[in-house]
Amino acid sequence: MKDLLVDPWQHSLSKQSKDLPPYLVVIDALDKIQDGEGSEFLKELLKTVENGALYGLKFLVTSRPDPRIADLCKYFSSDAICHLYNVSADEVNADILKYLKDKLPSLKEDPGLATIVQQANGLFIYASTAVRYIRPKSSLTRGEQQKLQQLLHSSASEQPVGATRQIDNLYGQILSEAFTNLQTVHIQARLMILHNLLCAQECISISIAARLSDSDDIKDMEECAEHVVQELHAVLYIKEGKVFWYHASFPDFVFTPKRFNVTADYLSDGHFSDLFCDMSKHHAFLAHQCFKSIIDQLNGRVPDNDRLVLLERWGIVALRLCRRTYLAVHAITKSDR
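Residues numbered from 1 in each chain as written. Predicted model: local features only at pLDDT ≥ 70, side-chain atom pairs only at ≥ 80, totals over all residues. Heavy atoms only, no water.

1. A short note on the pairing of strand 2 (residues 57-61)
Two elements, strand 1 (residues 23-27) and strand 2, share 5 bridges in a ladder whose sense is parallel. Paired with Leu24 across the bridge in strand 2 is Lys58. Tracing the backbone out of strand 1, into helix 2 (residues 37-50) and back to the parallel element strand 2 gives a crossover that is right-handed. (Pairing = 2+ DSSP bridges. Helix = DSSP H or I, 4+ residues; strand = E, 2+ residues; numbered from the N terminus. Right-handed = clockwise from strand over helix to strand, strands pointing away.)

Okay, structure coming up:
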């Protein structure tokens, strides 16, 4: 906390005008910090604010429901806490419509935007994903955007039941299009890349995803990986050489059989049901590939210093994947008892 916020802020105070309004610092998705450390971070932040070390800053913290975080906030005044479910649907829908008109200016008078608002059902992640789907990076004409919008509406005509049905429907449509009209061998290769990207211990580059694919033609797999990211531009993006997903709900969809299979039933593409990823099995596969990479490279002419780097890079990742595989299998076994 001291290095991240207090020292930089205290250092900047002497250079600031006293007439400036307070700065707002947004800390988003506190619950996403691993191992429950989000509540610990909030606890330290509250102590620091109470000590006056961050005077002149205001904080907006967002989080999904978490009992440890909620416990820290129970003494806050009612006007200091906003529950999303208390915000009126009309207000949320108005914000989503405003966002759609801003991001899709050529369609701002199109009545179809109101349908997207209805389909979003209060979820901004649906709206933002729909925008990336309708308006990819390469420019499209207004007519082309309208055709994609109509395709999105038609795919929502039959909807699975459940709280996530709208976003699942959209993800299903995106995946179905990305893997349509391909030969089985090409579907398998691209699917391998997608699952490698989603199952890795951390976000990885296209080249590493290709090297983990168990293919003799790494160059071809790298090109395949580039195509996968391009085709799935609505849900995946590249930053600093690594592939990220816009929202955790996308890998959750691919990893959750109940959500995925219900969507597969009504999209009924010949290969769609095969796109589901069994996380524990793929973790085991990736761990095997990491160990295989270590063995293959150590059998070559690798200097002693590089061997240490190699073991640290691939070995730790492999062991973590083995641990995640064990935990997943253990959880499944436990639930079946």
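2. Concerning the pairing of strand 3 (residues 236-239)
Relative to strand 4 (residues 242-245), strand 3 is paired through 4 bridges, and the arrangement is antiparallel. Within the sheet, the bridge partner assigned to Lys239 lies in strand 4 and is Lys242. Counting the residues between successive antiparallel strands, the hairpin from strand 3 to strand 4 contains 2 residues, one of them, Glu240, with a positive phi of roughly 50°.

3. As for a negative patch on the surface
Taken together, the side chains of Asp214, Asp216, Asp217, Asp220, Glu223 and Glu226 present a region of like negative charge at the surface. With respect to the element layout, Asp220 can be found in helix 11 (residues 218-231). (Patch = residues over 30% accessible without salt bridge, like charges linked within 9 Å, V, L, I, M, F, W, Y side chains within 5 Å. Areas by Shrake-Rupley, 256 points an atom, 1.4 Å probe, with all protein chains shown as cover. Salt bridge = Lys/Arg side-chain N within 4 Å of Asp/Glu carboxyl O. Lys, Arg positive; Asp, Glu negative; His and termini not counted. Charge placed at Lys NZ, Arg CZ, Asp CG, Glu CD.)

4. With respect to the packing of helix 6 (residues 124-134) against helix 8 (residues 165-178)
It is the contact of helix 6 with helix 8, at a shortest axis distance of 10 Å, that shows an interaxial angle of 20°. The orientation of helix 6 relative to helix 8 falls into the category roughly parallel. When you trace helix 6 past helix 8, the crossing you get is left-handed. Taking contact as the criterion, the partners of Ile125, Tyr126, Thr129, Ala130 and Tyr133 in helix 6 are, on helix 8, Gln166, Ile167, Leu170, Tyr171, Gln173, Ile174 and Glu177. Of the residues assigned to the contact of helix 6 with helix 8, the class counts are 8 nonpolar, 3 polar and 1 charged. (Axes fitted to C-alpha atoms, helices over the stretch in contact; angles between N-to-C directions. Parallel < 35°, antiparallel > 145°, perpendicular 65-115°, else oblique. Left-handed = near helix turned anticlockwise from the far one by under 90°. Contact = heavy atoms within 4.5 Å. Nonpolar A, V, L, I, M, F, W, Y, C, P; charged D, E, K, R; others polar.)

5. So, the packing of aromatic side chains
If you walk through the whole model with that rule in mind, you get 6 aromatic pairs. Arranged with centres 5.9 Å apart and planes meeting at 45°, the rings of Tyr171 and Phe253 form a pair that is tilted. Of this pair, Tyr171 sits in helix 8 while Phe253 sits in helix 12 (residues 249-255), placing them 82 residues apart in sequence. A centroid spacing of 5.6 Å and a plane angle of 20° characterise the contact between Tyr237 and Phe244, whose relative ring orientation is stacked. For Tyr237, a relative accessible area of 24% gives the class partly exposed. Classification of Phe244 as partly exposed rests on a relative accessible area of 25%. The cationic tip of Arg132 hangs over the ring face of Tyr246; the distance from NZ or CZ to the ring centre is 3.5 Å. (Phe/Tyr/Trp six-rings, centres within 6.5 Å; stacked < 30°, edge-to-face > 60°. Buried < 20%, exposed > 50% of the residue type's maximum accessible area, 1.4 Å probe, protein only. Lys NZ or Arg CZ within 6 Å of the ring centre and 35° of its normal.)

6. Points about the packing of helix 5 (residues 112-120) against helix 6
It is at 9 Å that the axes of helix 5 and helix 6 come closest, and there the two elements cross at 135°. In terms of orientation, helix 5 lies oblique with respect to helix 6. Helix-helix and strand crossings are classified by hand; for helix 5 and helix 6 the assignment is right-handed. Contacts from Ile116, Gln119 and Ala120 in helix 5 reach Tyr126, Ala130 and Ile134 in helix 6. A class-by-class count of the residues in the contact of helix 5 with helix 6 yields 5 nonpolar, 1 polar and no charged.

7. As for the pattern of salt bridges
A side chain of one charge can pair with a side chain of the opposite charge when the charged atoms of the two come close. Following the criterion strictly, the structure yields 5 salt bridges and no others. With a shortest N-O distance of 2.9 Å, Lys2 and Asp7 are connected by a salt bridge. Overall, Asp7 belongs to the partly exposed group, its relative accessible area being 32%.

8. Side note on the side chain of Ser39
Structurally, Ser39 is set in helix 2. Among all residues touching Ser39, those that are not within four sequence positions of it are Arg68, Ile69 and Leu72.

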